[in-house]
Amino acid sequence: MKSKPIKLDRRLKPRTGAVDRRARPPVDPSLHSVETLLHELQTHQIELEMQNDELQRARLALEASHNRYLDLYEFAPVGYITLTPEGKIIEANLTAATLLGVERNNLINQHFAGLVAPKDSDRCYFLLKNTLTHGKEQKIVELMMKRGDSYFHARLDCLPVLRNAEISMLRITLADITESKHTEEELRIAAVAFEAQEGIMITNADNQILRVNRAFTEITGYSAEELIGHTPRMFHSGCHDTAFYAEMWECIHRTGSWQGEIWDQRKNGEIYPKWLTITAVKDNAGNVTHYVGSHTDISARKASEDEIKQLAYYDPLTALPNRRLLLDRLQQALATSTRSKKYGALLFIDLDNFKSLNDLLGHDMGDILLQQVARRLIDCVREGDTVSRQGGDEFVIMLEELSGNIEEAAVKAKTTGEKIISSLNQAYQLATHEYRNTPSIGITLFINHQHEISTLLKRADIAMYGAKSAGRNTLRFFDRDMQETVTARAALEADLRFALMRNQFKLFFQRQARYDGKTVGAEALLRWDHSERGLVQPHEFIPLAEEIGLIIPLGQWVLEATCAQLKQWENQAQTRDLQLAVNVSARQFHQPDFIEQVCATLNKFAIKANQLKLEFTESLVLDDIDDTIAKMQRLKEVGLSFSIDNFGTGYSSLACLAQLPFDQLKIDKSFVRNIEVKPTDTVIVQTIIGMAHNLGMDIIAEGVETEQQRAFLESHGCQVYQGNLIGKAMPLEEFEHSLGI
Ligand code: C2E
Ligand code: MG
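Residues numbered from 1 in each chain as written. Chains lettered and ligands numbered in written order. Predicted model: local features only at pLDDT ≥ 70, side-chain atom pairs only at ≥ 80, totals over all residues. Heavy atoms only, no water.

S.K.: For this particular structure, what's the right way to read the coordination of the magnesium ion (ligand 2)?
M.R.: Note on metal geometry: ideal angles are 109.5 degrees for four donors arranged tetrahedrally and 90 or 180 degrees for six donors arranged octahedrally. With distances of 2.1 to 2.3 Å, the protein atoms coordinating the magnesium ion (ligand 2) are E523 (OE), N583 (OD1), E615 (OE) and D645 (OD). Written as a sequence motif, the donor residues of the magnesium ion (ligand 2) are E-x59-N-x31-E-x29-D. Within this pair, whereas N583 is found in strand 21 (residues 579-583), its partner E615 is found in strand 22 (residues 612-617), the two being separated by 32 residues in sequence. (Donors = N, O, S within 2.8 Å, 3.2 Å for Na, K, Ca; no water. Helix = DSSP H or I, 4+ residues; strand = E, 2+ residues; numbered from the N terminus.)

Here is the structure:
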C-alpha cells in the first residue's frame, strides 16, 4: 500500500516561544557576529530535530492505528470473504478461514459454493445469483457450511461492490449461528415438553404461580388466569396435615426435589390423587429462583387398582371379603390380639338346606338369598368386624377384641351368634317367593398365635358340624368346656331374670368403725340366695345384671331394702345413728329418673337423707361430668352424702374429681392389703390420705384385715375403717348381734 503524503497538524508547527524568524525584529546585518549566527544555526537545528521526533511519533501512531484496523478486520467476530462475480474467493479474513477450517491461502480461488454443505449448495448459488441480478444485499440463514467433515450453521450476508456501475466483486459476511440455533432448538423442545400430557406448574421462589401448561388447567379445572399470582395452597384438600407439607418442604430444601402421592382438590371441589414431583431451580450462586411442579392425575389408575383389588379380595356376588382377604385379616387380628391380650372369635355359618332351594327355585333365587344373607350378617356385627363369604352357602365372621377374659369373650361371641340366628330366621322375599331358612353356626375363640390360621378355620368348621348334628338352626363352640361355660351362663341369666320375683336377694352388712372402735355405719352388700347354688357372690352376677339391664330394678331393690332397714333401726339406740352406704352402678345412676327414684324411696320410708350414703366408682362419675355434677348437687341438697369407692384403681384426673361434691374417699382394698408390704402402695395410701385432707373430704379405708394395717392408717390420719378386722360382711341378724342387739 502506498503511503500518503503526511499532513502536519497544528502540533507539528513551530510553537510560540520557539524561534520564529517572522516574529523576530529586523536585525542590522552589520551587527551580526559570527557567534550570533552560530547560535541561530544551533537553535534552528534543535527546532528541526524536534520536528523530526514529532514526525516519527506521528508515523508510529499511524502504523499502530493501521495495525489496529487490520486486527479488527482479521479477527472480527464474523468472517469477511470477497468473491469475484463468478463466486471465486479473492480474499478472506482470518475469522472466515478459521470458521471454514481451511488455510487462508487455500481459500483463494476456491469457488465459494464448494464450501457449502451439498444439501444447501443450491441455495448458495441462488444467493450469489440473486445478488448479481438485483444488485443489492441478499441474506440467507441456516446455510450449512462444511468444515472438513463437519458442519455448522451460518448466516450469510452477500453485498455487491459496484465499480463504474458494474458489479466488480461480492462481499460476503459469514456468522456462525450454531449456538443460537441450538438454543432455539432447545427452546422449541422445551415448549413442546411444557405442553406435554403432565400438568406443569412453575412458581417463583416465593411459591407464587408464574406459569401453568394446558394439561395443568385441565387437571385442576382452573384457567391460567385464575392461577397466576396465587400459591398452590389453593389446591389443598385437607387430606394432609401441616406435618406432611412441612416434611415435603424440608425434603425440597435439603435435596432439591420431592416426589410422592398427594391428594388435591379440583376447582369443582372433587378430591383426587396425583403423583407430584417438585424440583427447585437454582441460579449459579445456588439460590432457588423457581420451583417446577409436574403433576400426574392418578385417579384413573387408582380406580383401576381398586377394581383389581375388588376382584382379587371380594366376592363378586355379595361384595363381601373373600377367603383370601379373611385370611389376611385373620393374620392381622392374631397379631393385634397378641398386643391387646383380648380374645377374638371365628363364627363359621352354613345355611341349612341351601341346596334344596337351588334345586327348587333355581340358582338365581339362590343368589338373591345369598345377597340378602350377606346384608343381614353385616347388620349383626360391629363396624370393625369382618363378614366374609367362603363360597357356596358358607360365610365366616371374624369378631375382634371381644374381651381379655375368655368366658366373657365366649359370651359375647355367643350373643352375636344368637343375633345372627334370629336375623337369618326372618322370612326372605325372593322375587315373588317368601322363603324361610336357618343357619348352623360353629364358633371358636382365638388369641395370640396359639393356633395356625388353618387350624382355627377347621375348628370353626368342626363346631359348625356340631351345630348341624345338634339339629341345625343353632350354634356350637369348638371347645367343650367353653360350650359348658356358655350354657351355664345362659342358665344363670335365665335364673337371674326371675330371682327378683322369687325374692332371692338379701342384704349383708359390713361394719364401718372409727379408730376408738365406735361403729359409725355399714356398707350394704347384695347377695343372691340361689335355691340350688346357695349364696352367690356379687362378682358372679352383678356384671351379668349390668349387661342385661337387670341392675336397674336390682339397684332399686337394694335402695328400698336399705331404707326399710334404716327405718327399722330408728327405734333402737345402737342403730339409730348409723349411716348405710349403698353401691350405685353406672347404668343405674345414668337413668334419667335416678334422682326422682331416690327421693321417692326416701319419702316412701320416711327416713332422714343424711342416713344414706351413695358409693360411686370413679369411672361412673367421669362418664358425663357435667350431668354428674348436676345430679350430685341436687341429691346433696336433699341431704344425701357421697363416697368415691375403690379410690386409686381408676385413671381419673384429680382435677376432674376435685370438681365433684364428694364427702368421702374410700381407699381401695388392693392398696390397703399392701401396706408395709409394697413400698409404692404404702406411699399411695399416704398420698391418698393427704389428698383427702387437703380437699376437705372424710377418708375411709376398706379391706383392713390386720391391726398393723389399721395402726399404719391411724398414724397417717385415716380414722375410719371397713374390713374383716372390724367385721366381715354378714347377714342382718349377725350384724345386729355384733352391735349388741
Ligand atoms: P365394693 O363396693 O368395693 O365392696 C367391698 C367389697 O370388699 C365387698 O365384697 C366386701 O365384702 C369386700 N371386703 C370388705 N372388707 C374386706 C376384707 O377385709 N377382705 C376382703 N378380702 N374383702 C373385703 P362383696 O360383698 O363381694 O362385693 C363386691 C362388689 O360387688 C362390691 O365392691 C360392689 O362393687 C359390688 N356390689 C355389692 N353389692 C352391690 C349392690 O348392692 N349394688 C351394686 N351395684 N354393686 C354391689
Ligand atoms: Mg362399695
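Picking up where we left off.
S.K.: Which parts of the structure should I look at to understand the domain arrangement of the protein chain?
M.R.: It is common to give the size of an interface as the accessible area lost on bringing the parts into contact. Its domain assignment divides the protein chain into domain 1 (79-182), domain 2 (201-303), domain 3 (315-478) and domain 4 (499-738). A C-alpha centroid distance of 52 Å is found between domain 1 and domain 2. (Domains from an automatic or database assignment.)

S.K.: What exactly am I supposed to notice about the sheet that holds strand 7 (residues 209-212) here?
M.R.: Sheet strands pair by backbone hydrogen bonding; their relative direction is either parallel or antiparallel. One open sheet accounts for five strands, arranged 7-6-10-9-8; its pairing is antiparallel. Both edges of this open sheet fall to strand 7 and strand 8 (257-265), since each of them pairs with a single strand only. Averaged over all adjacent pairs, the angle separating strand axes in this sheet is 25°, with direction ignored. Summarising the sheet, strand 8 and strand 9 (residues 271-282) pair through nine bridges and their orientation is antiparallel. (Pairing = 2+ DSSP bridges. Axes fitted to C-alpha atoms, helices over the stretch in contact; angles between N-to-C directions.)

S.K.: Is there a simple way to think about a nonpolar patch on the surface in this case?
M.R.: A contiguous nonpolar patch, built from V34, L38 and L41 and spanning about 320 Å² of accessible area, is present on the exposed surface. Here L41 lies in helix 1 (residues 34-74). (Patch = residues over 30% accessible without salt bridge, like charges linked within 9 Å, V, L, I, M, F, W, Y side chains within 5 Å. Areas by Shrake-Rupley, 256 points an atom, 1.4 Å probe, with all protein chains shown as cover. Salt bridge = Lys/Arg side-chain N within 4 Å of Asp/Glu carboxyl O.)

S.K.: Can you help me understand the state of the cysteines in this one?
M.R.: Each disulfide is one covalent bond, formed between the sulfur atoms of two cysteines. All told, the structure shown has zero disulfides when counted by the stated rule. Looking at the unpaired C158, the closest cysteine sulfur is the one in C124, lying at 8.4 Å. (Disulfide = S-S within 2.5 Å.)

S.K.: What's the story with the sheet that holds strand 12 (residues 386-391) in this structure? I'm lost.
M.R.: Taken in spatial order, the five strands of this open sheet run 12-13-11-16-17, and their pairing is mixed. Both outer strands of the open sheet, strand 12 and strand 17 (475-477), are each paired with one neighbouring strand and no more. Within the sheet, the average angular offset between the axes of one strand and its neighbour, ignoring direction, is 25°. Bridge count for strand 12 against strand 13 (residues 394-403) is five bridges, and the pairing is antiparallel. Paired with V387 across the strands is I397, a residue of strand 13. Across the sheet, helix 14 (residues 453-469) lies against strand 11 (343-351), strand 13, strand 16 (439-446) and strand 17, angled at about 145° from strand 16, the strand it touches most. (Contact = heavy atoms within 4.5 Å.)

S.K.: I'm lost on the site of ligand 1 in this one. Help?
M.R.: In the vicinity of ligand 1 there are 22 residues, among which Q510, N583, D645, E705 and N724 approach most closely. Side-chain polar atom of R527 to an oxygen atom of ligand 1: 2.9 Å apart, as the coordinates give it. Within the side chain of D645, a nitrogen or oxygen atom sits 2.8 Å from an oxygen atom of ligand 1. Computed on the free molecule, ligand 1 has an accessible area of 790 Å², of which 80% lies beneath the protein chains in the complex. Of all elements in the fold, only strand 19 (519-530), helix 16 (538-547) and strand 23 (641-647) reach the threshold of two or more residues within the shell around ligand 1. (Near = heavy atom within 4 Å. Polar contact = N/O pair within 3.5 Å; in protein donor to acceptor, adjacent residues only side chain to side chain.)

S.K.: For this particular structure, what's the right way to read the pattern of salt bridges?
M.R.: Two side chains with opposite charge may pair up if their charged atoms get near one another. Evaluation of the coordinates by the stated rule reveals 37 salt bridges. With its nearest N and O atoms 2.7 Å apart, the salt bridge here joins E523 to K666. Taken together, the residues span a long stretch of sequence, with E523 in strand 19 and K666 in strand 24 (residues 664-667) at a distance of 143 residues. Each member of the pair, E523 together with K666, is buried. Three or more residues are tied together by salt bridges with common partners; here these are E523, E615, K666, K669 and E702. (Buried < 20%, exposed > 50% of the residue type's maximum accessible area, 1.4 Å probe, protein only.)

S.K.: For this particular structure, what's the right way to read the packing of aromatic side chains?
M.R.: Ring pairs (aromatic) are described by centroid distance and by the angle formed between their planes. Counted under the stated rule, the structure contains 17 aromatic pairs. With centroids separated by 5.7 Å and ring planes inclined at 5°, the aromatic side chains of Y73 and Y80 adopt a geometry described as stacked. On the basis of an interplanar angle of 70° and a centroid distance of 5.6 Å, the ring pair of F216 and F235 is categorised as edge-to-face. Here F216 is found in helix 6 (residues 214-220), whereas its partner F235 is found in the loop between helix 7 (224-227) and helix 8 (242-255), with 19 residues between them in sequence. Grouped by ring-pair contacts, the aromatic residues F589, F594, F616, F642 and F662 constitute a single cluster. The ring of F508 carries the charged tip of R527 above its face, separated from the ring centre by 5.0 Å. (Phe/Tyr/Trp six-rings, centres within 6.5 Å; stacked < 30°, edge-to-face > 60°. Lys NZ or Arg CZ within 6 Å of the ring centre and 35° of its normal.)

S.K.: Whenever I open this one, the pairing of strand 11 confuses me. Can you help?
M.R.: For strand 11, the tally of buried residues reaches nine of nine residues, placing the bulk of the element in the interior. By the alternation rule, side chains of strand 11 split into Y343, A345, L347, I349 and L351 and G344, L346, F348 and D350, which are all buried. As defined by bridge partners, strand 11 adjoins strand 13 across seven bridges and the pair is classed as antiparallel. Counterpart to D350 in the pairing with strand 13 is E394. Inspection of the sheet shows strand 11 paired to strand 16 by eight bridges, in the antiparallel sense. Considered in strand 16, the bridge of I349 is made with I441.

S.K.: Is there a simple way to explain the packing of helix 13 (residues 406-424) against helix 15 (residues 480-499) in this structure?
M.R.: Describing two packed helices takes the angle between their axes plus the distance from one axis to the other. At a minimum axis separation of 10 Å, helix 13 and helix 15 run at an interaxial angle of 70°. The angle between the axes of helix 13 and helix 15 places the two elements in the roughly perpendicular class. Together, I406, E407, A410, V411 and K414 of helix 13 and M482, T485, V486, R489 and A490 of helix 15 make up the contact between the two elements. (Parallel < 35°, antiparallel > 145°, perpendicular 65-115°, else oblique.)

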